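Single-letter residue listing:
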Amino acid sequence: MSLSPGQNPAPRLLFNDNTLVTLVSIAKPWALTLSQGIINKLVNSQISSDYRLVIISMKRLDIKCEDIHYAIGTHGHSDHLGNLNLFTSAKHIVGFTVSHEDEFFIHPFETGEPYKINEFLEVIPTPGHTTADVSVVVKTQNQGTVVIAGDLFERQEDIADPSLWKYVAGSENPEMQEKHRNQVLLLADYIVPGHGPMFKVTPEMKEDAK
């Protein structure tokens, strides 16, 4: 995407079979998410054995590992952060931990404080699946507010069947996870879950979340 000097557009969306740019999910669409533009970020880098797939997917977009400014793991499970070591130039956010190279930074996620990247991107605390989960909030031009939620949501089906997130995926704190699931449902127009395609948040979902 070409950018004029000083231009800072809200990210747009592309998911495999859609047509918009620039939040991109490739290969395993629930695992690797790239956001291009003024700030490039990668959310959830798949398991370590998929490193070739990560590199190939980025190459198709003409993005190199050193082009990534933020590498984010929504929580500490290996299927979501197995390739963060590829992004040595990036600031890493893994759950509630923020670091760059060998320097670590304190951010009060535990108080509910978002980590604001710019006016269109922020990382919010959404613990429950683990005690230190985060989600990435993206304000887009075309599809409103998109939340990349990691395993806060396994897939769309777990809204109708809570056993999928409580017992199949496992929840360290179901009460806290339900609270943050409802928070995200009220916030988002679309949700990217941890193990399924992006889905639209319906008015019925929002009503049930109140």
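Residues numbered from 1 in each chain as written. Predicted model: local features only at pLDDT ≥ 70, side-chain atom pairs only at ≥ 80, totals over all residues. Heavy atoms only, no water.

Q: How should the layout of surface pockets be read in this particular structure?
A: Taken as a whole, the largest pocket holds about 200 Å³ of empty space. Lining the largest pocket we find D158, I159, P162, W165, K166, E178, R181, N182, L185, M205, D208 and A209. For the lining of the largest pocket, the element with the highest residue contribution is helix α4 (residues 174–187), accounting for four residues. The residue makeup of the lining of the largest pocket, split by class, is six nonpolar, one polar and five charged. (1 Å grid on protein atoms, 1.4 Å probe; cavity = no way out; pocket = protein on both sides within 12 Å on 5 of 7 lines; lining within 4 Å. Points joined across faces, edges and corners; volume = space filled by probe spheres on them. Helix = DSSP H or I, 4+ residues; strand = E, 2+ residues; numbered from the N terminus. Nonpolar A, V, L, I, M, F, W, Y, C, P; charged D, E, K, R; others polar.)

Q: Explanation requested: the side chain of D151 in the structure shown.
A: Inspection of the secondary structure assignment puts D151 in the loop between β12 (145–150) and α3 (163–168). Buried and unpaired, D151 has R155 as its nearest opposite-charge partner, separated by 8.7 Å. One polar contact links D151 to H129, side chain to side chain, over a distance of 3.4 Å. Filtering out sequence-adjacent residues up to four positions away, D151 remains in contact with H75, H80, H129, Q177, G194 and H195. (Buried < 20%, exposed > 50% of the residue type's maximum accessible area, 1.4 Å probe, protein only. Lys, Arg positive; Asp, Glu negative; His and termini not counted. Salt bridge = Lys/Arg side-chain N within 4 Å of Asp/Glu carboxyl O. Polar contact = N/O pair within 3.5 Å; in protein donor to acceptor, adjacent residues only side chain to side chain. Contact = heavy atoms within 4.5 Å.)

Q: Just to check I follow, could you spell out the sheet that holds strand β9 (residues 115–118) for this structure?
A: The strands making up a sheet associate through hydrogen bonds between their backbones, and the pairing can be parallel or antiparallel. The mixed open sheet is built from six strands, whose spatial order is β9-β10-β11-β12-β13-β14. This sheet does not close on itself; its edge strands, each paired only once, are β9 and β14 (199–200). Inspection of the sheet shows strand β13 (residues 190–193) paired to β14 by two bridges, in the antiparallel sense. Counterpart to Y190 in the pairing with β14 is K200. (Pairing = 2+ DSSP bridges.)

Function-wise, these values are silent; they only describe arrangement.
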